[in-house]
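Topology and contacts: notes
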Amino acid sequence: LSGRGVGLDVVKRNVESIRGTVQVRTRPGEGTSFRLVLPLTMAVIDGMLVGVGAERYVIPSLAVVESLAVDPATINAPAGGGELLEAHGRMLALVRLSELFAVPAADGGRKPIAVIVESMGQRVALLVDQVFSQQQVVIKPLGDGVGAAEHFGGAAILADGKVGLILNVDRICSRLARRTAGTAESRAEGANQ
């Protein structure tokens, strides 16, 4: 709604200043819908604190479906690339966070843990070395000087004073979906030749 000279352009400018977006969709005869997409940069969230090697990451609890110890026999590597994890009779795409973030995995005899996350109706298994705890964290934005950080929604100062990066589960899942689509296209092209 507009009033006293404050229109949607002001709302759009302010939302974009915090790295959000305003999406407008109009259908003749039906109306217009406005969707505000705001980043996780100025909020307190519940998160699952996980470890990969010496690093700590926070996975937003809203995205977590479950976590389970992984038996290496349940991991499959199809010919097209990538890895799949069998969980509850279902095959899930597997992302090793140690490989995604180029972090050495922890040494030791413990089984890795898969944290099953869901984004936009897609479930993915994130492989971590350890699950520490659930905790509330204050999200701090990453500055522009950080560089390419598309897989992170911000950072948080943890209870021990260290910094934990907050995973952007939506971006990780959409990246995986693009990779999977590219692999499927390559297979289809190979079959047609």
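Anything mentioned here points back to the structure above.
A brief report on the enclosed structure follows. (Residues numbered from 1 in each chain as written. Predicted model: local features only at pLDDT ≥ 70, side-chain atom pairs only at ≥ 80, totals over all residues. Heavy atoms only, no water.)

**Structural notes on the sheet that holds strand E3 (residues 44-52)**
Read across the open sheet, the 5 strands follow the order E11-E3-E4-E13-E12; overall the sheet is mixed. Each edge of the open sheet carries a strand with a single partner, namely strand E11 (130-138) and strand E12 (152-157). Averaged over all pairs of adjacent strands, the angle between their axes in this sheet comes to 35°, without regard to strand direction. The sheet contact formed by E12 and strand E13 (residues 163-167) spans 5 bridges and is antiparallel. Bridge pairing in E13 places Gly 154 opposite Ile 166. (Pairing = 2+ DSSP bridges. Helix = DSSP H or I, 4+ residues; strand = E, 2+ residues; numbered from the N terminus. Axes fitted to C-alpha atoms, helices over the stretch in contact; angles between N-to-C directions.)

**Details of the pattern of salt bridges**
Counting across every chain of the model gives 3 salt bridges. The salt bridge involving Glu 118 is made with Arg 123; its shortest N-O contact spans 3.7 Å. (Salt bridge = Lys/Arg side-chain N within 4 Å of Asp/Glu carboxyl O.)

**Quick word on the environment of Pro 112**
Among the secondary structure elements, Pro 112 is positioned in the loop between helix H2 (97-100) and strand E9 (113-119). For Pro 112, a relative accessible area of 27% corresponds to the partly exposed category. Considering only alpha carbons, one finds Pro 112 and Asp 129, 17 residues apart in sequence, at a separation of 4.9 Å. The residues contacting Pro 112, other than those within four sequence positions of it, are Leu 68, Ala 69, Val 70, Leu 127 and Val 128. (Buried < 20%, exposed > 50% of the residue type's maximum accessible area, 1.4 Å probe, protein only. Contact = heavy atoms within 4.5 Å.)

**Some thoughts on the environment of Val 24**
Inspection of the secondary structure puts Val 24 in strand E1 (residues 21-27). C-alpha separation for the pair Val 24 and Arg 35, spaced 11 residues apart in sequence, amounts to 6.5 Å.

**Some remarks on the side chain of His 151**
Here His 151 lies in the loop between E11 and E12. Take His 151: its relative accessible area is 11%, and that puts it in the buried class. Once residues within four sequence positions are removed from consideration, His 151 is found in contact with Leu 100, Phe 101, Ile 166, Leu 167, Asn 168, Ile 172 and Arg 175.

**Side note on the pairing of strand E8 (residues 90-96)**
Relative to E8, strand E7 (residues 83-87) runs antiparallel, the two being bridged by 5 bridges. Paired with Ala 87 across the bridge in E8 is Arg 90.

**Concerning the pairing of E13**
Pairing analysis gives 2 bridges linking strand E4 (residues 55-60) to E13, with the strands arranged parallel. When the sheet's bridge partners are listed, Tyr 57 is paired in E13 with Leu 165.

**A few points about the environment of Tyr 57**
With respect to the secondary-structure elements, Tyr 57 resides in strand E4. The buried category is assigned to Tyr 57, whose relative accessible area is 3%. Sequence separation between Tyr 57 and Leu 165 is 108 residues; the distance between their C-alpha atoms is 4.9 Å. Beyond its immediate stretch of four places on either side in the chain, Tyr 57 contacts Met 48, Leu 49, Val 50, Val 52, Phe 101, Val 103, Phe 152, Leu 165 and Leu 167.

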